[in-house]
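# Examining the three-dimensional arrangement
So you can see what is in the structure, the chains are spelled out below.
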Amino acid sequence: MFEFVRKWRRDRRLAGVQISPALWERVEAQLPFLDFLEPADRQRLRELARSFIAEKEFHGAQGMTLSDEAILSIALQACLPILRAGLDAYRGWVGVIVYPGDFVIPRHVMDEAGVVHEYDDEVLGEAWEGGPVLVSWYDEGEAPEGVNVVIHEFAHKLDMENGDIDGMPVLPPGMSRKAWAKAFSEAYERFCDAVDADEETLLDPYGSEHPAEFFAVASESFFEAPCDLQEEFPEVYVQLRKFYGVDPAAGQRRLDEAQA
Ligand SMILES: [Zn+2]
């Protein structure tokens, strides 16, 4: 397709997404961690969220009707990880499938002996390479505490951009893969030891399943509890700050001082 035709279509779709000031405010009030962002980043996040809604297709699963609030909330959180990279980082797929609460995925797995195991997997979300993102949506106050399923699944999407889902996404120019691997592998090891020892952990213990999961749960915490992450895993925080191009811990500290 000609580039100008594509752009024209995109502009037309975008023009079709109108969000009232009241809706922005209502939805953003439910996401208090957005206050950790600089005003310019808040504005950029809104623009990205509008484009995201224009470009992607939302589907409610199991007969769920999606409210404007749910769509906007998911779009805002999905765009946090791409504040630096932009919407291009999510190219190649369109579907966002939203489930009511946590949902069950029937699995069919063949083992080395050729035996097929079937079981139901209760999950909060899933990201398919080149395919849709599945997330669960909870009514106000019903979401499980300490997890952000939207940020989690979209962090996986970024991780998949270069094929393998391994906790090593495409790094921007100027970032070192070596420094990333060192910061993450040291933190991951320490985290797995803490989980094995049944210690209380800042990050969701599910992060100990795989380095890719550790990257995803660290990303949740980076946006939602940045000062805590910076204290617990300072090297990981530095890497994520460079990768995501924002410094929410600085924003959180500014906010705390202003309120003190
Ligand atoms: Zn995951």
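What comes next concerns the included structure. (Residues numbered from 1 in each chain as written. Predicted model: local features only at pLDDT ≥ 70, side-chain atom pairs only at ≥ 80, totals over all residues. Heavy atoms only, no water.)

## Some words on the packing of helix α3 (residues 39–55) against helix α4 (residues 68–79)
The N-to-C vectors of α3 and α4 enclose an angle of 120 degrees; their axes lie 8 Å apart at closest approach. Judged by the twist between their axes, the crossing of α3 over α4 is right-handed. Every residue of α4 that contacts α3 at L45, L48, A49, F52 and I53 is listed here: I71, L72, A75, L76, A78 and C79. (Axes fitted to C-alpha atoms, helices over the stretch in contact; angles between N-to-C directions. Helix = DSSP H or I, 4+ residues; strand = E, 2+ residues; numbered from the N terminus. Left-handed = near helix turned anticlockwise from the far one by under 90°. Contact = heavy atoms within 4.5 Å.)

## Let's talk about the pairing of strand β2 (residues 95–100)
When strand β1 (residues 57–60) meets β2, the two strands line up parallel, connected through 4 bridges. Residue pairing across strands places H59 opposite I97, the latter belonging to β2. (Pairing = 2+ DSSP bridges.)

## Some remarks on the coordination of the zinc ion
Taken together, the protein donors to the zinc ion comprise H152 (NE2), H156 (NE2), E213 (OE) and E213 (OE), at separations of 2.1 to 2.7 Å. Read in sequence order, the donor residues coordinating the zinc ion give the pattern H-x3-H-x56-E. In this pair, H152 and H156 are both assigned in helix α5 (residues 149–160), 4 residues apart and thus about one turn of the helix distant. For the pair H152 and H156, one class covers both residues: buried. (Donors = N, O, S within 2.8 Å, 3.2 Å for Na, K, Ca; no water. Buried < 20%, exposed > 50% of the residue type's maximum accessible area, 1.4 Å probe, protein only.)

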